[in-house]
There are 2 protein chains.
Amino acid sequence: MSLFIKNVLLNENVIDIFIQNGTINAIGENLDFQADKIINGTNKAVIPSFVNAHTHSAMTLMRSYADDMELHDWLENKIWPFEKNITEEDVYWGTRLAIIEMIKSGTTHFNDMYWHYDGTAQAVVDSGIHAHLSSAFIDLGDSELTKKQIAEQVDLYHRKNEYEPNVTFTLGIHSLYTVTNSGVEWARDFAKDHNLKIHMHLSETKKEVDEWVKQTGMRPVDYLDSLDMLGNHLLAAHVNWVSDDEIQKLSDNGVGVIHCPTSNMKLASGVFPYKRMKDAGVRMGLATDGVASNNNVDMVDEIKMAALLQKSSSQDPTIMPAKEAFHLATKGSASLFDLNMGEIAVGKSADLLLLDLNNIHLIPNYHLIPNLVYSAHSGCIHTTVSKGEILMENGSVNDEEIIIEQFNKAANRLVKG
Amino acid sequence: MSLFIKNVLLNENVIDIFIQNGTINAIGENLDFQADKIINGTNKAVIPSFVNAHTHSAMTLMRSYADDMELHDWLENKIWPFEKNITEEDVYWGTRLAIIEMIKSGTTHFNDMYWHYDGTAQAVVDSGIHAHLSSAFIDLGDSELTKKQIAEQVDLYHRKNEYEPNVTFTLGIHSLYTVTNSGVEWARDFAKDHNLKIHMHLSETKKEVDEWVKQTGMRPVDYLDSLDMLGNHLLAAHVNWVSDDEIQKLSDNGVGVIHCPTSNMKLASGVFPYKRMKDAGVRMGLATDGVASNNNVDMVDEIKMAALLQKSSSQDPTIMPAKEAFHLATKGSASLFDLNMGEIAVGKSADLLLLDLNNIHLIPNYHLIPNLVYSAHSGCIHTTVSKGEILMENGSVNDEEIIIEQFNKAANRLVKG
């Protein structure tokens, strides 16, 4: 499969892009190539696609099911009871719907943690997108559950080739406060032995951190350090409540930190210490979190929220300029997963977007990235390409109607309880 | 002109709506009417359109021209030099472009303050939308300029019928710190004599308030009170830095307060004290501010930003639930201008939107307003109706291409300086 994009705006220049076998093969003016498919890039700009570095895709099933509530009330009385009835098939359709939303809003790679791993993984394969996926390891201090969860992770690891190459298996450790030490240590060793990444929630709320300190005498990052868990294979989501010492440890050990601004704002979990993290050289990416707390998986929304939250909370309008927010959502997130994407360059994976420069929110086009971050919504995305495959052209995604129909059947059953 | 919308979702029920002479005439199941135009409302929901209560429309000419800068640096070195070259014709095309964006994002009434009043007013008339408009009265302590500005306002007042009924003329007093006392007092008296509203910026930044206190010994609202300026004809934008006493005065006098969350976040101006205002019973509306500091005029973006900012800044997820954010943008804003709009009810002006329930961001549809506030972007708006006239159907607005072409000519000339 080859793809030839003609006369498209890249930064300030109108160029052609030739894509072969999923990779950007050539970029330049007036290129001459034969291709299976030619796209007219006139009045369009090309940018790298987004990497959504932390989500729970199937939670589309809970979109706007319960909002504006206190976190624990929300979890205990709304989210957890709803989740109890979710089947693997529900997860499949919930994830298919989320992936349509991602494709429409420019994401071609995401990092997920959820129950019914096979439902999520099959949805990724059937959608043509690519992802890092983990199951949600939670044992709540129950050693029988620990054994069961370990067995599940081992089973998924041994079956990981069923979903490759679209899916990269990772170990999902929900959080320090929901997984026993023996589970965390098992994950540390299994990850080391099999060269796996570990995906976890970390220091999301003040309450969680305060209780952890009370219980163990250590702050969560210090605790992870004492278990020898820190490293560049560790992907930690949220990380709002951290001391300067903890930030230095995250930096020194190359831990990948994932910022989820909308979810943090909506649940009032805290404000991500972006400037302190940046100054310390921490590796950072951006993410939507799940739809239950966002309420979408739209990275165009997320880049605006990230930039504005930092300016407002620090009372400094120069913090996180548009290009930094965009970088977090593209190359920043991509680098956490060692993905060869996040920029438009020869040799990079052809994960890219064409923006419609006639979209009213992008006019005038003095500066494209600030326009995208501060003005646009995801409706300005005309074409989404994932590893050289066109997943959306002119706003249209394959099988959207069928997926919505099946999704609605699942949602209607679940909401009745 | 009559309009009949069949089988549309209103709250939880599928109903028909009959509109005649710009007013909602009947709402019910299986209505029987003859109409000039019938709209099939299947898979659509009807909601009131938005009122954008404070903007500077023609600043679309400066969209993403300069971002991520300190406020005074931004104004003095970027915005003001750019504005010096703007002509009345530029303002006309800048406003036409803004109005296309408003129509696409569901706004049918806006409140504007800008130079070259006639350019803005003519754009409103030609677009079929309706607005409150004011010129920008700024004299910077120069008494010759005061006289000139007063003469301009008097002239505009006497010519106001040129643009009626689409345009309602208001007096624009830029702010306390840019207009002399004699100008402010003239506006107070002229507004009283001619039953006009006064539109001004108020207590936007801490610096501005601190300097005012230093200069006069009074906080800005107290100062306005001492001039007998407070009343329900006064429309004050921003109002971030106010004491409890000032809030009580705003409430007691029925002053209309206009919240601009995105602009406040982007410029790091401060956080609007929503809860204190609400508890005191202050009349409130919502707005985008101008595109130079937003960077769009999209009220669907604004309702999300409003709700999330309050939750995050107060660390309380229950503050400003989705319905309150939506109310601010519809009935709240509308009531500041005594508009008979902002809700779907018989006898109300037919200013309304049809949302596409097949839009991926609105699925599942457990709760429409939370979906709209937290998940949707304005691309979910299928039809925009202003006083019974269809301004957009299926995403298409009249004359969009011609307006973009003329706008780009103006923008290209201006950006070259």
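Residues numbered from 1 in each chain as written. Chains lettered and ligands numbered in written order. Predicted model: local features only at pLDDT ≥ 70, side-chain atom pairs only at ≥ 80, totals over all residues.

(A) Region of the structure containing the overall build of chain A. Looking only at helices and strands, chain A has 14 helices and 18 strands in total. Computed over the C-alpha atoms, the radius of gyration of chain A is 21 Å, within 12% of the 22 Å expected from 2.2 N^0.38 for a compact globule of 417 residues. Counting across all 417 residues of chain A, residues that qualify as buried make up 59%. Contacts spanning at least 24 positions in sequence make up 73% of the contacts within chain A whose residues lie at least 6 apart. (Helix = DSSP H or I, 4+ residues; strand = E, 2+ residues; numbered from the N terminus. Rg over C-alpha atoms; globule rule 2.2 N^0.38 Å. Buried ≥ 20, exposed ≤ 12 C-beta atoms within 10 Å, placed from the backbone. Contact = placed C-beta atoms within 7 Å.)

(B) Spotlight on the domain arrangement of chain A. All names here are of chain A. By the assigned domains, chain A splits into domain 1 (2–48 + 343–400) and domain 2 (50–336). A straight line from the C-alpha centre of domain 1 to that of domain 2 covers 29 Å. In this complex, domain 1 contributes 21 residues to the contact, which on the side of domain 2 involves 21 residues. At the level of elements, helix 13 (368–375), strand 16 (381–386) and strand 17 (389–393) are the ones that each hand at least two residues to the side of domain 1 that touches domain 2. Counting residues per element, the side of domain 1 that touches domain 2 draws most heavily on helix 13, which supplies 5 residues. Of the residues assigned to the side of domain 1 that touches domain 2, the class counts are 12 nonpolar, 4 polar and 5 charged. (Domains from an automatic or database assignment. Nonpolar A, V, L, I, M, F, W, Y, C, P; charged D, E, K, R; others polar.)

(C) Region of interest: the environment of Pro-370 of chain A. Here Pro-370 of chain A lies in helix 13. A tally of 23 C-beta atoms within 10 Å means that Pro-370 of chain A is categorised as buried. Here the alpha-carbon distance between Pro-370 of chain A and Pro-321 of chain A, two residues 49 residues apart in the chain, equals 8.3 Å. Among residues more than four places away in sequence, those in contact with Pro-370 of chain A are Ala-322 of chain A together with Ser-64 and Asp-67 of chain B.

(D) A look at the interface of chain A and chain B. If you look at the interface, chain A gives 50 residues, while chain B gives 50 residues. Counting only elements with at least two residues in the side of chain A that touches chain B, the list comes to helix 2 (88–104), helix 9 (261–266), helix 11 (299–314), helix 13 and helix 14 (400–415) of chain A. Per-element accounting of the side of chain A that touches chain B gives the leading share, 5 residues, to helix 14 of chain A. Of the residues in the side of chain A that touches chain B, the class split is 24 nonpolar, 17 polar and 9 charged.

(E) Looking closely at the pairing of strand 7 (residues 107–113) of chain A. All names here are of chain A. Where burial is concerned, most of strand 7 is hidden: 7 out of the 7 residues are buried. Note: strand 6 (residues 50–55) against strand 7, 4 bridges, orientation parallel. Across the sheet, Phe-50 pairs through a bridge with Thr-107, a residue of strand 7. Sheet topology note: the strand 7/strand 8 (residues 130–134) ladder contains 5 bridges and is parallel. Across the sheet, residue Met-113 finds its bridge partner in strand 8, namely Ser-134. Between the parallel elements strand 7 and strand 8, the chain passes through helix 3 (residues 117–127) in a crossover that is right-handed. (Pairing = 2+ DSSP bridges. Right-handed = clockwise from strand over helix to strand, strands pointing away.)

(F) Inspection of the environment of His-174 of chain A at higher detail. All names here are of chain A. For His-174, the location among the structural elements is in the loop between strand 10 (171–173) and helix 5 (181–194). With 110 residues separating them along the chain, His-174 and Ser-64 place their C-alpha atoms 23 Å apart. In this structure, His-174 is in contact with Ala-136, Phe-137, Ile-138, Val-179, Met-200 and His-201, ignoring residues within four places of it in sequence.

(G) Spotlight on unusual backbone geometry. Following Glu-164 of chain A, the chain continues into Pro-165 of chain A via a peptide bond in cis, with omega recorded as 5°. Checked against the element boundaries, Pro-165 of chain A lands in the loop between helix 4 (143–158) and strand 9 (167–169). For the bond from Ile-363 of chain B to Pro-364 of chain B, the omega torsion is 0°, close enough to zero to count as cis. Its location among the elements puts Pro-364 of chain B in the loop between strand 15 (352–356) and helix 13 (368–375). Positive phi values are uncommon outside glycine, yet Leu-140 of chain A reaches one of about 50°. You can see Leu-140 of chain A is positioned in the loop between strand 8 and helix 4. Take Leu-140 of chain A: there are 11 C-beta atoms within 10 Å of it, and that puts it in the exposed class. You will see that Asp-338 of chain A, though not glycine, has its phi angle at about 55°, which is positive. Mapped onto the elements, Asp-338 of chain A comes out in the loop between helix 12 (322–336) and strand 15 (352–356). Taking the number of C-beta atoms within 10 Å as the measure of exposure, Asp-338 of chain A has 12 and is therefore exposed.

(H) Here's a closer look at the packing of helix 4 (residues 143–158) of chain B against helix 5 (residues 181–194) of chain B. Residue and element names in this part refer to chain B. One way to put it is that helix 4 packs onto helix 5 with a least axis distance of 10 Å and a crossing angle of 15°. In terms of their interaxial angle, helix 4 and helix 5 are classed as roughly parallel. When the axes of helix 4 and helix 5 are compared, the crossing they make is right-handed. Of the residues in helix 5, those in contact with Thr-146, Gln-149, Ile-150 and Tyr-157 of helix 4 are Ser-182, Gly-183, Trp-186 and His-194. Taken together, the residues of the contact of helix 4 with helix 5 sort by class into 3 nonpolar, 5 polar and no charged. (Axes fitted to C-alpha atoms, helices over the stretch in contact; angles between N-to-C directions. Parallel < 35°, antiparallel > 145°, perpendicular 65-115°, else oblique. Left-handed = near helix turned anticlockwise from the far one by under 90°.)

(I) Fine view of the relation of the copies chain A and chain B. After a rotation of 180° and a shift along the axis of 0.0 Å, chain A superposes on chain B with an RMSD of 0.0 Å. Those values place the two copies in the arrangement expected of a two-fold rotation axis. Here 100% of the interface residues in chain A have copies in chain B that are interface residues too; the copies meet face to matching face. (Least-squares fit on C-alpha atoms with pLDDT ≥ 70 in both.)

(J) Focus on the sheet that holds strand 14 (residues 283–286) of chain A. Residues and elements named next belong to chain A. Spatial ordering of the open sheet is given by 10-11-12-13-14, a layout of 5 strands whose pairing is parallel. Two strands bound the open sheet, and with one partner strand each, they are strand 10 and strand 14. Averaged over all pairs of adjacent strands, the angle between strand axes in this sheet comes to 25°, irrespective of strand direction. Contacting strand 10 and strand 11 (198–202), helix 5 runs over the sheet at an angle of about 160° to strand 10.

(K) Main features of helix 12 of chain A. Residue and element names in this part refer to chain A. Taking 1.5 Å of rise per residue, 15 residues should cover 21 Å, and helix 12 covers 20 Å from first to last C-alpha, within 8% of that figure. When the local axis directions of helix 12 are compared, the greatest deviation, roughly 45°, occurs at Leu-328. The buried fraction of helix 12 is high, at 12 of 15 residues. Among the residues making up helix 12, those that are buried are Ala-322, Glu-324, Ala-325, Phe-326, His-327, Leu-328, Ala-329, Thr-330, Gly-332, Ser-333, Ala-334 and Leu-336. One or two steps after helix 12, the chain reaches Asp-338, where phi turns positive at roughly 55°. (Expected span 1.5 Å × (residues − 1). Bend = angle between axes of the 7 residues up to and from the residue.)

(L) Region of the structure containing the sheet that holds strand 12 (residues 234–238) of chain B. Residue and element names in this part refer to chain B. Strand order in this open sheet of 5 strands is 10-11-12-13-14, and the pairing throughout is parallel. The outermost strands of the open sheet, each flanked by one partner alone, are strand 10 (171–173) and strand 14 (283–286). Averaged over all pairs of adjacent strands, the angle between strand axes in this sheet comes to 25°, irrespective of strand direction. Sheet topology places strand 12 next to strand 13 (residues 256–259); 3 bridges connect them, and they run parallel. Within strand 13, the residue paired with Ala-237 across the bridge is Ile-258.

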